[in-house]
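Survey of secondary and tertiary structure
Each chain, letter by letter, is given below.
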Amino acid sequence: MKRFCLLSGSILASLSVAIGAFGAHAWKAYLVSTQRLDTFETASKYQMYGALALLLLGIWQINSGNRFLKLASYLMMAGSVIFPGALYLICITQQNIWGAVAPIGGLSLILGFSCMAMAAYQKA
């Protein structure tokens, strides 16, 4: 699981930087004209938060592993793809229906961080 977290966290982080740069430069005029620049920036930011959490989980699991860390890894991965993915889709398609999907990703991130807290509490 630690390898999965380190690999997926690294890939998601690099994609966050690349997509964020694309949005800030090549696609900025479009995002401003559609009033979606803030949405796009939020997506990129939360993708990076999830990626960093996955990297932390990978490092944490080198020395310790328990069911909460494993569950947190799955939840963080899901949240790091679903939440920003829904926001990116809103920006690309201009279809607000994707906003109904975003809370699923947000809940996954919240539960992932909660599992991390439980793992820390158990260890203490």
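Right above here is the structure, for reference.
Quick look at the structure, then. (Residues numbered from 1 in each chain as written. Predicted model: local features only at pLDDT ≥ 70, side-chain atom pairs only at ≥ 80, totals over all residues. Heavy atoms only, no water.)

Turning our attention to the overall build of the protein. Each helix and strand counted, the protein has 5 helices and 0 strands in total. Secondary structure elements of the protein, listed N to C terminal, follow the sequence α-α-α-α-α. With respect to the three principal axes, the spread of C-alpha positions in the protein is 50 × 25 × 20 Å. Counting over 124 residues, the protein shows a buried share of 40%. The contacts in the protein between residues at least 6 apart in sequence include a share of 76% that link residues at least 24 apart. Put simply, the protein shows about 6900 Å² of open surface, and 69% of that area lies on carbon and sulfur atoms. (Helix = DSSP H or I, 4+ residues; strand = E, 2+ residues; numbered from the N terminus. Buried < 20%, exposed > 50% of the residue type's maximum accessible area, 1.4 Å probe, protein only. Contact = heavy atoms within 4.5 Å. Areas by Shrake-Rupley, 256 points an atom, 1.4 Å probe, with all protein chains shown as cover.)

Turning next to the packing of helix α1 (residues 2-24) against helix α3 (residues 37-63). Where α1 meets α3, the axes come as close as 8 Å, and the angle between the chain directions of the two elements is 160 degrees. With respect to α3, the axis of α1 lies roughly antiparallel. Between α1 and α3 lies a crossing of left-handed hand. For the contact of α1 with α3, a count of residues per class yields 15 nonpolar, 10 polar and 1 charged. (Axes fitted to C-alpha atoms, helices over the stretch in contact; angles between N-to-C directions. Parallel < 35°, antiparallel > 145°, perpendicular 65-115°, else oblique. Left-handed = near helix turned anticlockwise from the far one by under 90°. Nonpolar A, V, L, I, M, F, W, Y, C, P; charged D, E, K, R; others polar.)

Between α3 and helix α4 (residues 67-93), the least distance of the axes is 9 Å, while the angle of their chain directions is 165 degrees. The orientation of α3 relative to α4 falls into the category roughly antiparallel. The way α3 lies across α4 gives a crossing that is left-handed. Counted by class, the contact of α3 with α4 contains 17 nonpolar, 8 polar and no charged residues.

This part takes up the packing of aromatic side chains. Describing an aromatic ring pair means giving the distance of the ring centres and the angle of the ring planes. Counted under the stated rule, the structure contains 7 aromatic pairs. Arranged with centres 5.9 Å apart and planes meeting at 35 degrees, the rings of F22 and W27 form a pair that is tilted. Exposure remark for F22: the relative accessible area of 43% places this residue in the partly exposed category. (Phe/Tyr/Trp six-rings, centres within 6.5 Å; stacked < 30°, edge-to-face > 60°.)

Tallied over the full model, the rule gives 0 disulfides. The closest cysteine sulfur to the non-disulfide-bonded C115 is located on C5, 12 Å from its own sulfur. The exposure class assigned to C115 is buried, which follows from its relative accessible area of 9%. (Disulfide = S-S within 2.5 Å.)

What follows is about the side chain of Q47. The residue Q47 is located in helix α3 in this model. The class for Q47 is buried, based on a relative accessible area of 4%. Of note is the side chain of Q47, whose polar atom sits 2.8 Å from the side chain of Y88. Setting aside anything within four residues of it in sequence, one finds Q47 in contact with L12, L15, S16, I19, S80, P84 and Y88. (Polar contact = N/O pair within 3.5 Å; in protein donor to acceptor, adjacent residues only side chain to side chain.)

Attention now moves to a nonpolar patch on the surface. A contiguous nonpolar patch, built from M1, F4 and Y74 and spanning about 260 Å² of accessible area, is present on the exposed surface. Position of M1 among the secondary structure elements: in the segment before α1. (Patch = residues over 30% accessible without salt bridge, like charges linked within 9 Å, V, L, I, M, F, W, Y side chains within 5 Å. Salt bridge = Lys/Arg side-chain N within 4 Å of Asp/Glu carboxyl O.)

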